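Residue strings, one per chain:
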Amino acid sequence: MLRSANLNGASLLVNVVLFLMVPFIWAQTKPLKFTKQQIASESYESVGVFDVDMDNVVDIVSGAYWYKGPDFITRHYIGSAKRYGEYYDDFSTIPLDGNGDGLMDFITGGWFGKQLVWKQNPGDGGQWQEHLIAEAGNIESTRSWDLDGDGIIEIIPNTPNDSLVVYRLQLDDNKKGAGMFSKHSIIGPHGHGLGFGDINGDGLTDIIVSKGWLQAPEDTYAGEWKMHHEFDLGTASVPIIVADVNKDGLSDLIVGQGHDYGLSWYEQKPATKKQKTQWTKHAIDPYNSQYHSMEWTDIDQDGENELVTGKRYRAHNGKDPGGNDELGLYYFKWNGENFSKQVIDYGPYGRGKGTGVYFSVSDVDNNGMKDIIVAGKDGLNIYYNEPIKQ
């Protein structure tokens with residue numbers, strides 16, 4: 001409230017400015033509103049968003065089907081992944097034009113079949129041909145990153161029991177995908193969890209695994225990746241997020257437990273002459289389990305990234321700690337001191353919603369706000385992010 005007495009002109013102006021700013025600040029920090037749309041009751045655990053039919057409208061691709069935008073009601077059969085019990089062997093949907101024909105294909109793979117593949121978009125509404133990239137081993141999930149900075153993503157599966165290998169798309173003479181991938185081994189078995197980012201500030205992209213981080217060499221493929229055993233992250237999420245959370249100039253880590261309780265961030269402390277780099281663990285949410293997948297993105301359009309994540313429903317068929325707890329989908333906002341939790345959806349199976357192993361964040365209704373598209377054993381849904389009303 002403004003006081004009318006004993007105010008000079010300068011102090012009155014300051015108070016008026018602050019008063020006028022309050023509604024704007026409140027509007028930008030109040031929780032977002034999401035509208036939920038169920039797309040399918042299928043139990044695939046991965047979903048991607050890209051333009052399948054080249055009509056300049058994004059579509060949704062999940063499991064055996066793609067769903068035509070902008071309403072995502074009409075679906076087209078792609079060809080199903082093999083099923084093993086409750087699982088489909090389809091643990092990522094990474095858009096990539098593998099053969100350079102201008103149509104977007106996607107990369108996937110699975111734990112049981114141990115194969116990394118790309119599925120070719122035929123462009124005619126028919127089934128998508130599957131091409132083998134490699135016999136990669138048990139694939140927890142696959143992620144992509146432009147490790148060498150050439151503008152083309154590399155494909156990196158998290159294969160906990162097998163070697164960490166980077167698969168690089170080979171290009172033809174026209175600098176388009178040639179339908180083949182070269183194989184570059186980094187280290188041997190590396191555990192559950194995978195992330196990418198510049199840990200030591202040298203401008204190169206390092207790789208983070210469960211028990212440490214791999215320092216990138218100057219030559220991505222010919223050089224040696226040096227392992228730094230500085231932490232043990234457990235059954236870490238895929239991905240592990242690398243971000244300067246507290247804005248101190250050092251990269252930190254955000255890590256979920258994919259098969260246990262816990263969501264945390266690890267603050268990087270600089271090395272001294274007597275000590276190597278130290279990492280201080282801070283709890284974000286210790287009370288929910290199976291934070292298997294996450295995205296670090298500006299969900300509220302305030303210029304700062306938020307953490308979007310949730311519980312992977314029946315990650316190990318209900319056998320994980322907390323496996324039968326209620327489901328949740330959330331975003332966490334950094335307030336300068338810690339993360340505040342905002343609930344997007346929560347409840348038991350059939351009412352709440354969790355995540356699978358690979359979800360997408362994309363403005364599918366073209367309203368300027370990023371929506372959340374989530375698959376899982378509990379169905380495929382879109383959460384439309386409604387514009388903030390001032």
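Higher on the page you've got the structure.
Here is a short report on the structure shown in this document. (Residues numbered from 1 in each chain as written. Predicted model: local features only at pLDDT ≥ 70, side-chain atom pairs only at ≥ 80, totals over all residues. Heavy atoms only, no water.)

A look at the packing of aromatic side chains
The cut-off we apply is this: For Phe, Tyr and Trp, where Trp contributes only its six-membered ring, two rings pair if their centres lie within 6.5 Å, and the inter-plane angle classes them as stacked under 30 degrees, edge-to-face over 60, or tilted in between. Classification of residues uses two cut-offs on accessible area relative to the type maximum, computed with a 1.4 Å probe and protein chains only: under 20% is buried, over 50% is exposed, and between them is partly exposed. Only Lys NZ and Arg CZ are tested; either one counts as a charge over a ring when it is within 6 Å of the ring centre and within 35 degrees of the ring normal.
A complete count under the given rule lists 17 aromatic pairs for this structure. Aromatic side chains Tyr330 and Phe332 sit 6.0 Å apart centroid to centroid with 65 degrees between the ring planes, which places their arrangement in the edge-to-face category. You'll find Tyr330 and Phe332 in the same group, each marked buried. Residue placement shows Arg75 over the ring face of Tyr65; its charged tip is 3.8 Å from the ring centre. In this structure, Lys341 packs its charged tip against the face of Tyr330, placed 4.0 Å from the ring centre.

Considering the sheet that holds strand β8 (residues 94-96)
In a beta sheet, neighbouring strands pair by backbone hydrogen bonds and run either parallel or antiparallel. To keep things clear, this is the line we draw: For two strands to pair, DSSP has to find at least two bridges joining them. The helix count covers DSSP runs of H or I at least four residues long, the strand count covers runs of E at least two residues long, and both are numbered beginning at the N terminus. Angles here are taken between N-to-C directions and fall from 0 to 180 degrees, while the axes themselves are lines fitted to C-alpha atoms, restricted in helices to the stretch in contact.
Taken together, four strands build an open sheet; the order of strands is β8-β9-β10-β11 and the sheet is antiparallel. The open sheet has two edge strands with one neighbour each: β8 and β11 (129-135). Between one strand axis and the next, the sheet turns through 30 degrees on average, direction left out of account.

Description of the nonpolar core
Using the following cut-off: We call a set of buried Ala, Val, Leu, Ile, Met, Phe, Trp, Tyr and Cys residues a nonpolar core when their side-chain atoms join them within 4.5 Å.
Residues Ile60, Ile372 and Leu380 are the most contacted members of the largest nonpolar core, which totals 29 residues. One finds Tyr87, Trp118, Ala134 and Leu169 within the second-largest nonpolar core, a separate group that totals 18 residues.

Regarding the environment of Leu327
To keep things clear, this is the line we draw: Throughout, a residue-residue contact means that at least one pair of heavy atoms, one from each residue, lies within 4.5 Å.
Following the sequence through the fold, Leu327 ends up in strand β26 (residues 327-334). Spatially, the C-alpha atom of Leu327 lies 5.3 Å from that of Gly352, the residues being 25 residues apart in sequence. What Leu327 contacts, discounting residues up to four positions off in sequence, is Lys311, Tyr313, Asp345, Tyr346, Gly347, Tyr349, Gly352, Lys353, Gly354 and Asp378.

With respect to the side chain of Thr309
Our working rule: Throughout this description, a polar contact denotes any pair of N or O atoms lying within 3.5 Å of each other; where both atoms belong to protein, one of them has to be capable of donating a hydrogen while the other can accept it, and for residues adjacent in sequence the pair is counted only when both atoms sit in side chains.
With respect to the helices and strands, Thr309 occurs in strand β25 (residues 306-310). A distance of 2.8 Å separates a polar atom in the side chain of Thr309 from the backbone oxygen of Ser293. Not counting residues within four places of it along the chain, the set of residues in contact with Thr309 comprises Leu263, Tyr291, Ser293, Met294, Leu329, Tyr330, Phe332, Thr355 and Phe359.

Remarks on the sheet that holds strand β20 (residues 241-243)
Here four strands make up an open sheet; going across it, the order is β20-β21-β22-β23 and the pairing antiparallel. The two strands at the open ends of the sheet, each matched to only one other strand, are β20 and β23 (278-283). Recorded for the sheet is a direction-independent mean angle of 25 degrees between the axes of neighbouring strands. Summarising the sheet, strand β22 (residues 263-269) and β23 pair through six bridges and their orientation is antiparallel. Note on β23: the bridge partner recorded for Trp265 is His282.

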